[in-house]
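# A structural walkthrough
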Amino acid sequence: MGTVAVHGLCKSFGKVQALDGVTLDVPDGSFFVVLGPSGAGKTTTLRAIAGLEKLDAGSVHLDGRDATGDAPAARDLAMVFQNYALYPRHTAYENIASPLRARRCSSSEIAAAVEQMSSLLHIERLLQRRPAQLSGGEMQRVALARALVRRPRAFLMDEPLTNLDLKLRVEMRTELTRIHRSLGATFVYVTNDQVEALSMADQVAVLKEGKVQQVGTPTEVYERPANQWVAGFVGSPPISLLACHAEGDRLVGAEGWTLPRPSWTTAEDGRTLLLGLRAEDLSVEQRGDASLSGKLYGLEPLGDRTVVDVRVGTEIVKVKARPTVTGTPGERLHVTVDLDRAHLFDAGTGLSLSEAGQ
Amino acid sequence: MAVSVDEAVSTGPVRDHTPSARRFGGRGRFVLEVALLTVLAVVMLFPVLWMIETSIKENRDVYAIPAKFFDFKVTMDHFKDVFVASGGGRSTLSVSFLNSVVVAGVSTALATVLGVPAAWAYSRFAVKAKKDQLFFILSTRFMPPVVVVIPIFLMYRQVGLIDTQLGLILIYTAFNVPFTIWMMKGFVDEVPAEYEDAAMLDGYTRLQAFWRFTLPLLLPGIAATAVFALIFSWNEFVFATFLTSSDNVRTAPPAIAGLIGGTTVDWGLVAAASVVFALPVLVFAYLVRKHLVAGVTLGAVRR
Ligand SMILES: Nc1ncnc2c1ncn2[C@@H]1O[C@H](COP(=O)(O)OP(=O)(O)OP(=O)(O)O)[C@@H](O)[C@H]1O
Ligand SMILES: [Mg+2]
């Protein structure tokens, strides 16, 4: 068992409202990712679950039992800290052994467990070093090992892969997913990296300024963002947002363009809207009936694809194209829009008007 | 004119030319610095040297006019007198030294035991009106001892603490606890709270986390703080003079001061006693000098 549920968490630091009514429900055995930009309150959320932060309001339930006032040690959780928090006087071995020592395991048990963890995380050679003698990525792996060495109710991980180089990060992503599967344990995983969130999560909670914006599977969050902000935050290159309003059976852009009105939207005429277009739902290669005309602004070759920046009026629309695409800046272009996959948001509230996103 | 390659690339003229002005300035400054430092050193060190000299001079030479700087006979008699009474057995001075050791040692230990956890609590927890409390704690140090000593004297007389070592220990502890809290809070602030957080998630209680993971990191700071407290208690004069009178309770400062003021003053004995008195402080300060500097820069000054 290992469910984690928090309800209405509020926490302020002086004038900063770090958490503003955060409610999350982490099912047993799930890989739950909390995604948000820097300062969103991700660390504060994890610390609240761990019992390290005194809350202004809200409750924490572990395995269905109210654990709001419990001491951290009583909660049976393991945490990887964002800044590692490895004990500076202890060797990597002793750091990893610490949770077992606190539970008075025998030294043979400890040795076996530490050895298993260190081979899993490729840190066998580092065990006798102190944190000061380790690189950031090595410290991060020792911190991971310290958390994974025991079988707690749930694992809390605060951006555990940010300091690894890309190759190791991709490797560790797979490794963590594998560990999660094989343990069947509950993971609450904090990151500001949407690729990590989308690739590892069973469920994603998107956090901004202490408020949960949306909770859903990675597909839901990507395909049906609840609001304009989530749409802009998730996805790379970022979604292009164009101001417009509905007029009969057409969408009329603030920049003068028109598109057929998508069949699925119910927005009344005249209301100011934002049309959200993801780069992969646009094309510069063939001309369809729903298209925007603009000028080539720039090309960003990314190896496997090229992002074409097209200037429509004063706004830039990012279009995903084949790596072979060429063009000169200023050249006229038509951007074909897949309107079935477009998003509409209320420009005032930012909320999604696509019925599926609600 | 033929100029050899060697001469042409020689750094000689270059070295002599441009930086020479700077070097002149440098030398001028250097000379001034050394001169000023020498004056300062003489002013500061002369009394110390004179004290040491007097402590090893024979009485005849102590009073010689003109004063003998170098050609005197060295004797250790004064040091013997510090420790051994004229009729044999322990001298009263040596008893006072022992009293000083007990009073300074116990009061420092108490102040450390009380002050370090308090500093930790002030650093780690959200305490109501924390700044006001800390200011209040510090403000107890603003009062000059001479001002407090009369009420303390009256209170001590009521409860029978006059002329006891316990009385001195309590008052020194009371003076050292605020200092310890302030200085140690600086050190605790420097140790990330995350170590304790991590330890608590590992399964330790808050106190275990402090004891096992934070305290070892604080040891240098504790050493520095304790030495400061020790020096305060060791040197303290006002309370010791007013609150104690009998020879078997008195600490060294009033005891040494008491040597001066009879019809004749045995300056050799006074000097020898002063040297013995100053030595432990110097040795201690030397032993923890690295931490003292760290303590001053890290703990007391920053924040
Ligand atoms: N101890 C603290 N004192 C004051 N403000 C704090 C404290 N901890 C967090 N905050 C503030 O609360 C907000 C949320 O912080 P938090 O550390 O939870 O962000 P985060 O989402 O983890 O960001 P990052 O991705 O940069 O780690 C921030 O504005 C931060 O400045
Ligand atoms: Mg954080």
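Before any of the text, the structure's been laid out above.
Residues numbered from 1 in each chain as written. Chains lettered and ligands numbered in written order. Predicted model: local features only at pLDDT ≥ 70, side-chain atom pairs only at ≥ 80, totals over all residues. Heavy atoms only, no water.

The next thing to look at is the interface of chain B and chain A. Each side of the interface is counted separately: chain B has 13 residues, and chain A has 22 residues. For the pair chain B and chain A, the summed buried area comes to about 1600 Å², and 62% of that belongs to carbon and sulfur atoms. Joining chain B to chain A, the criterion identifies one salt bridge. For arginine 47 of chain A, the salt bridge goes to aspartate 197 of chain B, with nearest N and O atoms at 2.9 Å. Counting every contact that joins chain B to chain A gives eight residue pairs in polar contact (both at pLDDT 80 or more). Elements represented by at least two residues in the side of chain B that touches chain A include exactly helix 9 (194-202) and helix 10 (206-235) of chain B. (Contact = heavy atoms within 4.5 Å. Buried area = accessible area lost by both parts, 1.4 Å probe. Salt bridge = Lys/Arg side-chain N within 4 Å of Asp/Glu carboxyl O. Polar contact = N/O pair within 3.5 Å; in protein donor to acceptor, adjacent residues only side chain to side chain. Helix = DSSP H or I, 4+ residues; strand = E, 2+ residues; numbered from the N terminus.)

Next up on the list: unusual backbone geometry. Residues and elements named next belong to chain A. Between serine 236 and proline 237 the backbone carries a cis peptide bond, its omega angle lying at -5°. Even without being glycine, aspartate 63 reaches a positive phi, approximately 50°. Locating aspartate 63 in the fold gives a position in the loop between strand 4 (57-62) and strand 5 (65-66). Here the phi dihedral of aspartate 76 falls at roughly 55°; this positive angle occurs in a residue that is not glycine. Mapped onto the fold, aspartate 76 is located in the loop between strand 5 and strand 6 (77-80).

Moving on, we come to the coordination of the magnesium ion (ligand 2). Residue and element names in this part refer to chain A. Only Thr43 (OG1) and Gln82 (OE1) from the protein coordinate the magnesium ion (ligand 2), and they sit 1.8 to 2.2 Å from it. On the criterion of sequence distance, the pair formed by threonine 43 in helix 1 (residues 42-50) and glutamine 82 in the loop between strand 6 and helix 2 (92-102) is long-range, its members being 39 residues apart. Overall, threonine 43 belongs to the partly exposed group, its relative accessible area being 25%. Its relative accessible area of 36% is what places glutamine 82 among the partly exposed residues. (Donors = N, O, S within 2.8 Å, 3.2 Å for Na, K, Ca; no water. Buried < 20%, exposed > 50% of the residue type's maximum accessible area, 1.4 Å probe, protein only.)

All names here are of chain B. For helix 13 (residues 267-287), spanning 21 residues, the distance from its first C-alpha to its last is 30 Å, which sits close to the expected 30 Å at 1.5 Å a residue. Of all bends in helix 13, the biggest is about 25°, found at alanine 278, and the proline proline 280 comes one to four residues later. Of the positions making up helix 13, those classed as buried are Gly268, Leu269, Val270, Ala271, Ala272, Ala273, Ser274, Val275, Val276, Phe277 and Val281. (Expected span 1.5 Å × (residues − 1). Bend = angle between axes of the 7 residues up to and from the residue.)

On to the site of ligand 1, then. Residue and element names in this part refer to chain A. The environment of ligand 1 is made up of 13 residues, and the closest members are Ser38, Lys42, Thr43, Thr44 and Gln82. A distance of 2.8 Å is found between an oxygen atom of ligand 1 and a backbone nitrogen or oxygen belonging to glycine 39. Within the backbone of alanine 40, an N or O atom sits 3.1 Å from an oxygen atom of ligand 1. Protein coverage of the free-state accessible area of ligand 1, which is 630 Å², stands at 62%. Listed by contribution, the elements that provide at least two residues to the shell around ligand 1 are strand 2 (16-26) and helix 1. (Near = heavy atom within 4 Å. Areas by Shrake-Rupley, 256 points an atom, 1.4 Å probe, with all protein chains shown as cover.)

So, about a nonpolar patch on the surface. Among the surface-exposed residues, Leu37, Val39, Leu40, Val43, Met44, Leu45, Val48, Leu49 and Ile52 of chain B lie close enough to one another that they form a single nonpolar patch of about 850 Å² accessible area. For isoleucine 52 of chain B, a relative accessible area of 38% gives the class partly exposed. (Patch = residues over 30% accessible without salt bridge, like charges linked within 9 Å, V, L, I, M, F, W, Y side chains within 5 Å.)

Here we come to the sheet that holds strand 7 (residues 154-158) of chain A. All names here are of chain A. Read across the sheet, six strands follow the order 6-7-8-3-9-10 without closing on themselves; strand pairing throughout is mixed. The sheet is open, and its two edges are formed by strand 6 and strand 10 (211-216), each paired on a single side. Looking at each pair of strands side by side, their axes are set apart by 15° on average, direction ignored. Looking at chain direction, strand 3 (residues 31-35) and strand 9 (residues 203-208) are connected through four bridges and run parallel. Its bridge partner lying in strand 9, valine 33 is registered against valine 204. The strands that helix 5 (residues 166-183) touches are strand 3, strand 7 and strand 8 (186-191); relative to strand 8, the one it contacts most, it runs at about 160°. (Pairing = 2+ DSSP bridges. Axes fitted to C-alpha atoms, helices over the stretch in contact; angles between N-to-C directions.)

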